[in-house]
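Coordinate analysis (summary)
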Amino acid sequence: MHPQTAALGVIKAQPPLNSKPAAANNTAELSHEFRLANGRLARRLRQEKAENELGSGQFSALGVLYVHGPLTLTELSEFERVTPPSMTRTVKCLVDAGLVARTDSTLDGRKIVLRTTDAAAAMMTETRKRRDAWLVQRVAQLSPAQRSTLADATTIMKELADS
């Protein structure tokens, strides 16, 4: 631990993985603990990806294109909740890397449609395999009751994400 961090008392001991937040009935505390746990899990899963030099924003945009099919720049920007100029920079990097192809829209000649390439599909498939394998190993270690709770929590997390 960095001496300045220890001196400030910024880092506190983490509770065991199977413990509930101390203030599970306090909405603000539960929300805080959930956000932290969700962020840590997301960061850990991001480590399990195919070897590449993509930043997290580039990889996320590529994932949206891979899952949702061909999209315009505006549609991709809306999915990722970023501005079109920001997405333009991201897409340029993906095109330069050979992971995204631009084609003219058949519906509107003024628009460009973005599609993933075969190289992108291979990368996304490999990443999905790695992430699923990592998570399957951990979920398999849970008790049946914990897996049931996780299934319920997954439904709730989807509802939160879609709200």
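Everything here concerns the structure above.
Sequence positions are assigned chain by chain, starting from 1 and proceeding in written order. Only residues with pLDDT of at least 70 get local features here, since the model is predicted, and only at 80 or more are side-chain atom pairs given and counted; chain-wide, interface and lining totals rely on the full set of residues. The basis for every side-chain value is the complete set of non-hydrogen atoms in the structure, without hydrogens or water.

All right, on to unusual backbone geometry then. Positive phi, close to 55 degrees, is recorded for Arg81, a residue that is not glycine. Secondary structure follows DSSP: runs of H or I at least 4 residues long count as helices, runs of E at least 2 residues long count as strands, and numbering of each begins at the N terminus. Along the chain, Arg81 falls in the loop between helix 4 (73–80) and helix 5 (84–96). Classification of Arg81 by relative accessible area gives exposed; the value is 72%. Buried residues are those whose accessible area, probed at 1.4 Å on protein chains only, stays under 20% of the maximum for their type, while exposed residues exceed 50% and partly exposed ones sit between those limits.

What follows deals with the environment of Arg130. Summarising the element assignment, Arg130 is placed in helix 6 (residues 118–140). C-alpha separation for the pair Arg130 and Ala50, spaced 80 residues apart in sequence, amounts to 7.5 Å. Every residue pair with non-hydrogen atoms within 4.5 Å of one another is taken to be in contact. In contact with Arg130, not counting residues within four places along its chain, are Glu48, Lys49, Ala50 and Glu51. Whenever a nitrogen or oxygen atom comes within 3.5 Å of another N or O atom, the pair is scored as a polar contact, on the condition that within protein one atom can donate a hydrogen and the other can accept it, and that pairs from neighbouring residues in sequence are kept only if both atoms are in side chains. Among the polar contacts made by the side chain of Arg130, one reaches the side chain of Glu126 at a distance of 2.8 Å.

This next bit is on the nonpolar core. Proteins that are soluble and globular tend to have nonpolar side chains buried together. In plain words, nonpolar cores are sets of buried Ala, Val, Leu, Ile, Met, Phe, Trp, Tyr and Cys residues tied together by side-chain atoms within 4.5 Å. Leu54, Leu62, Leu76, Leu94, Leu99 and Met123 are the most contacted members of the largest nonpolar core, which has 18 residues in total. Broken down by secondary-structure element, the contributors of at least two residues to this core are helix 3 (56–68), helix 5 and helix 6. Top contributing element to this core by residue count: helix 3, with 5 residues. Once residues lying within four places of it in the same chain are set aside, the contact partners of Leu54 are Lys49, Phe59, Leu62, Leu94, Leu99 and Met123.

Here we take up helix 5. The first and last C-alpha atoms of helix 5 sit 18 Å apart over 13 residues, in line with the 18 Å expected at 1.5 Å per residue. For helix 5, the complete set of buried residues consists of Met87, Thr90, Val91 and Leu94. Viewed end-on, helix 5 has its buried residues packed into an arc of 100 degrees, placing them on one side of the element. Turned more than 90 degrees away from the buried face of helix 5 sit Arg89 and Asp96, all of them exposed. Those residues of helix 5 that are buried are in contact with helix 3, helix 4, strand 2 (100–104) and strand 3 (112–116). Positive backbone phi, at 80 degrees, marks Gly98, one or two positions downstream of helix 5. In this analysis, the expected span of each helix is defined as 1.5 Å times one less than the number of residues it contains. By arc we mean the arc of the directions from the helix axis to the C-beta atoms, nothing more.

This next bit is on the side chain of Thr90. With respect to the secondary-structure elements, Thr90 resides in helix 5. Setting aside residues no more than four positions away along its own chain, Thr90 makes contact with Gly57, Gln58 and Ala61.

Turning next to the packing of helix 3 against helix 4. Fitted lines through C-alpha atoms give the axes, limited to the stretch in contact for helices. The angle between two N-to-C directions lies from 0 to 180 degrees. Where helix 3 contacts helix 4, the axes come no closer than 10 Å and their chain directions differ by 115 degrees. Here helix 3 lies roughly perpendicular to helix 4, going by the angle between them. Helix-helix and strand crossings are classified by hand; for helix 3 and helix 4 the assignment is right-handed. Packed against helix 3, whose contacting residues are Gly57, Ser60, Ala61, Val64, Leu65 and His68, the element helix 4 presents Leu76, Phe79 and Glu80 at the interface. Throughout, the ten residues Ala, Val, Leu, Ile, Met, Phe, Trp, Tyr, Cys and Pro are labelled nonpolar, Asp, Glu, Lys and Arg are labelled charged, and all others, Gly among them, are labelled polar. Looking at side-chain class alone, the contact of helix 3 with helix 4 contains 5 nonpolar, 3 polar and 1 charged residues. Here the angle decides the label: under 35 degrees means roughly parallel, over 145 means roughly antiparallel, 65 to 115 means roughly perpendicular, and every other value means oblique. Handedness of a crossing is defined here by the sense of rotation of the near helix relative to the far one, left-handed for an anticlockwise turn of less than a right angle and right-handed for a clockwise turn.

Take the pattern of salt bridges next. Any carboxyl oxygen of Asp or Glu that lies within 4 Å of a side-chain nitrogen of Lys or Arg is treated as forming a salt bridge with it. All told, the structure shown has 3 salt bridges when counted by the stated rule. Here Asp96 makes a salt bridge to Lys92, at a shortest N to O gap of 2.8 Å. One end of the pair, Asp96, and the other, Lys92, are both in helix 5, 4 residues apart, so they sit about a helical turn from each other.

Strand pairing is assigned whenever DSSP identifies at least 2 bridges connecting the two strands. Strand order across the open sheet formed by 3 strands is 1-3-2, with antiparallel pairing between neighbours. Edge positions in the sheet fall to strand 1 (71–72) and strand 2, since each of these pairs with one other strand and no more. Pairing geometry for strand 2 and strand 3, over 5 bridges, is antiparallel. The partner of Thr103 across the bridge, within strand 3, is Val113. Its contacts with the sheet place helix 5 against strand 2 and strand 3, and it is angled at close to 105 degrees to strand 2.

Fair warning: the whole summary comes from geometry, so function is off the table for now.
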